[in-house]
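# Analysis of the macromolecular model
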Amino acid sequence: DILLISKDIGFVCYDYNAELQPVFCRTKDGGQSWERVTLQTEDIINKKADYSSIESAKYQNGVITFSVRFYTEDSEYLKNFISTDFGKNFTEEK
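These notes cover the structure that comes with them. (Residues numbered from 1 in each chain as written. Predicted model: local features only at pLDDT ≥ 70, side-chain atom pairs only at ≥ 80, totals over all residues. Heavy atoms only, no water.)

### Notes on the packing of aromatic side chains
If you walk through the whole model with that rule in mind, you get 4 aromatic pairs. With 6.3 Å between their ring centres and 80° between their planes, F11 and F90 make a pair best called edge-to-face. With a gap of 79 residues between them, F11 in strand β2 (residues 10–14) and F90 in the loop between β8 (76–83) and β9 (91–92) connect regions that are remote in the sequence. Residue classification places F11 among the buried residues on the basis of a relative accessible area of 1%. Judged by centre distance (5.1 Å) and plane angle (75°), the ring pair of F66 and F90 falls under edge-to-face. Here F66 is found in strand β7 (residues 63–71), whereas its partner F90 is found in the loop between β8 and β9, with 24 residues between them in sequence. Across the pair, F90 and F66 agree in class, each one buried. (Phe/Tyr/Trp six-rings, centres within 6.5 Å; stacked < 30°, edge-to-face > 60°. Helix = DSSP H or I, 4+ residues; strand = E, 2+ residues; numbered from the N terminus. Buried < 20%, exposed > 50% of the residue type's maximum accessible area, 1.4 Å probe, protein only.)

This is the structure:
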């Protein structure tokens, strides 16, 4: 997915099925350079799931949201993340 919220700020997100941390990158210069945003969630830190996939990202009224679906051997579950600082930091919505 690609999400552009201004002419300078945008995001690209994708995932590898073999990796628990989805790839979520941010640009603040119109796509000339990208930095990876790391999600700090207990599921990733403590490896509670086997892998994850990122769901669609959305921007509305200064707030960026997206979901990550985590997969275990016998189940799956969804966690939502939010940023109110144009994607510099994301926190898990509880």
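### A short note on the nonpolar core
Ranked by size, the top nonpolar core spans 17 residues in total, and within it F11, F24, F66, V68 and F90 carry the most contacts. Of all the elements in the fold, those that place two or more residues in this core are β2 and β7. With 4 residues, β7 is the single largest residue contributor to this core. Excluding residues within four positions of it along the chain, F66 makes contact with F24, L39, I54, E55, S56, A57, K79, N80, F81 and F90. (Core = buried A, V, L, I, M, F, W, Y, C linked by side-chain atoms within 4.5 Å. Contact = heavy atoms within 4.5 Å.)

### With respect to the pairing of β2
Of the pairings in the sheet, the one linking strand β1 (residues 2–4) to β2 comprises 3 bridges and is antiparallel in character. For L4, the partnering residue across the bridge sits in β2 and is G10. Counted along the chain from β1 to the antiparallel partner β2, the turn is 5 residues long. Across 5 bridges, the pairing between β2 and strand β3 (residues 23–27) is antiparallel. From the neighbouring strand, F11 faces β3, where its bridge partner is R26. (Pairing = 2+ DSSP bridges.)

### Thoughts on unusual backbone geometry
With phi around 50°, N61 is a residue other than glycine that occupies positive phi space. By the element assignment, N61 lies in the loop between β6 (58–60) and β7. The phi dihedral of F86 falls on the positive side, at around 60°, and the residue is not glycine. Assignment of secondary structure puts F86 in the loop between β8 and β9. When its relative accessible area of 38% is taken as the criterion, F86 is described as partly exposed.

### What about the sheet that holds β2?
With respect to topology, 4 strands assemble into an open sheet ordered β1-β2-β3-β4, the strand pairing being antiparallel. Where the open sheet ends on each side, the last strands, each with one partner, are β1 and β4 (35–36). Sheet topology places β3 next to β4; 2 bridges connect them, and they run antiparallel. Within β4, the residue paired with R26 across the bridge is E35.

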